[in-house]
Each structure stands twice: as C-alpha cells, then as structure tokens.
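This is what each chain is made of:
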Amino acid sequence: SDSRFVLLDETTLNVRNVAITVGNTEFTQVCGYAWQPEEETDPGKLLVEFRPGSPPGTYWILGTDYDNYACVYGCSQYDGYTNLAASILTRDPSPTLETLEQCLDIFIANGVEVADFIPFPQENCNYDVIDSQSCEK
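Cut-offs used in this document
- Residues numbered from 1 in each chain as written.
- Predicted model: local features only at pLDDT ≥ 70, side-chain atom pairs only at ≥ 80, totals over all residues.
- Heavy atoms only, no water.
- Helix = DSSP H or I, 4+ residues; strand = E, 2+ residues; numbered from the N terminus.
- Buried < 20%, exposed > 50% of the residue type's maximum accessible area, 1.4 Å probe, protein only.
- Contact = heavy atoms within 4.5 Å.
- Core = buried A, V, L, I, M, F, W, Y, C linked by side-chain atoms within 4.5 Å.
- Pairing = 2+ DSSP bridges.
- Disulfide = S-S within 2.5 Å.

## Description of the environment of Trp60
Next, step 1: Counting through the fold element by element, Trp60 comes out in strand β5 (residues 57–64).
Next, step 2: Of the residues examined, Trp60 reaches a relative accessible area of 29% and is grouped as partly exposed.
Next, step 3: Taking the C-alpha atoms as reference points, Trp60 and Val48, twelve residues apart in sequence, are found 9.9 Å from one another.
Next, step 4: Not counting residues within four places of it along the chain, the set of residues in contact with Trp60 comprises Gly44, Lys45, Leu46, Cys71, Val72 and Tyr73.

## A short note on the side chain of Thr99
Next, step 1: With respect to the element layout, Thr99 can be found in helix α1 (residues 97–109).
Next, step 2: Not counting the four nearest positions on each side in its chain, Thr99 is found in contact with Tyr69 and Thr90.

## Quick word on the nonpolar core
Within soluble globular proteins, side chains that are nonpolar tend to cluster in buried spots.
Next, step 1: Core analysis: the biggest nonpolar cluster contains eight residues, these being Leu13, Val15, Ala34, Leu46, Val48, Tyr59, Ala70 and Val72.
Next, step 2: Where this core is concerned, the elements lending two or more residues are β2 (12–20), β4 (45–49) and β6 (69–78).
Next, step 3: Core analysis: the second largest hydrophobic core is formed by six residues, Tyr69, Phe107, Val112 and Val114 among them.

## Some details on the pairing of β4
Next, step 1: Because side chains alternate across β4, one face comprises the buried residues Leu46 and Val48, and the other comprises Lys45, Leu47 and Glu49, none of which is buried.
Next, step 2: Pairing analysis gives three bridges linking strand β3 (residues 27–35) to β4, with the strands arranged antiparallel. Of the residues in β4, the one forming a bridge with Ala34 is Val48.
Next, step 3: Two elements, β4 and β5, share four bridges in a ladder whose sense is antiparallel. Each residue of the ladder has a partner; that of Val48, found in β5, is Gly57.

## Topic: the state of the cysteines
Next, step 1: The full count for this structure, using the stated rule, is one disulfide.
Next, step 2: One disulfide bridge connects Cys71 with Cys103, the sulfur atoms lying 2.0 Å from each other. One quick way to see it: the torsion about the S-S bond of Cys71 and Cys103 is about -90°, and its sign makes the bridge left-handed. Within this pair, whereas Cys71 is found in strand β6, its partner Cys103 is found in helix α1, the two being separated by 32 residues in sequence. Both residues of the pair, Cys71 and Cys103, count as buried.

Structural data, given as structure tokens:
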C-alpha cells in the first residue's frame, strides 16, 4: 500500500491511500483530508476524514526519522464499529530489521500491542498503476 499527502494549507493535507490486494492485482484507493486540530501542542496527531459526514479517525505519527520510516497509529469509530490500525510506513520496500525494530519499540512504549502485526511484503509491488489514477474528478 502507499499513502500520498498533498499540502493544502499550513494545517490541512489531501490524503490518498492506495493498495493492491494481497494475492491479487486489484487496485483500490480512498481519498480524503487530514488536519492538525492542535498544531502547537500535538503536531503529530492528525484527524483524517475519508467519508464526508462520518466522524474523522485519528492518524497519530508516534515516531519518525523523517527520511526512512513513520510509526502510525489510528483509531476510528463509525456506525457502531471500531477500527484500530498501527502501521510501519517506509520508503524502502525492503526495510532493515533495525528500522522495523525502531517502530516496534515506539509502539510498545506507547502501549500498542505488536504481537499480532502482519507483515505485508512490498518487494514485487508495481506502483505505476497507482500513479495512473488520482482522486481528482
């Protein structure tokens, strides 16, 4: 999967998440907006809205080195369902064990359960198809 962010103003981003289903070649995407409700006190805590009218979900950047990885945690509730997600986002499709461990340590320090994490290998992903589609109408 891949996330793209486009700065709209000082505190708002256009967000585009794309993925290719595991074991398949089907392309999926979801588009929305993210913003910083507390820019001064919590700059890494964003709210994200993908479906207009639904409550926004959290998108917390718990740690990053700004070059190689970001450790992201999110929680959203909608229509009686709760969705918790924690992700290690990297620029390298084959991150080092050291990079992964840095994020795992950050998650553990923040009380996130990491025992059930599932790796999604990216070695053979072709992102060209992703760039051929956009959220713009």
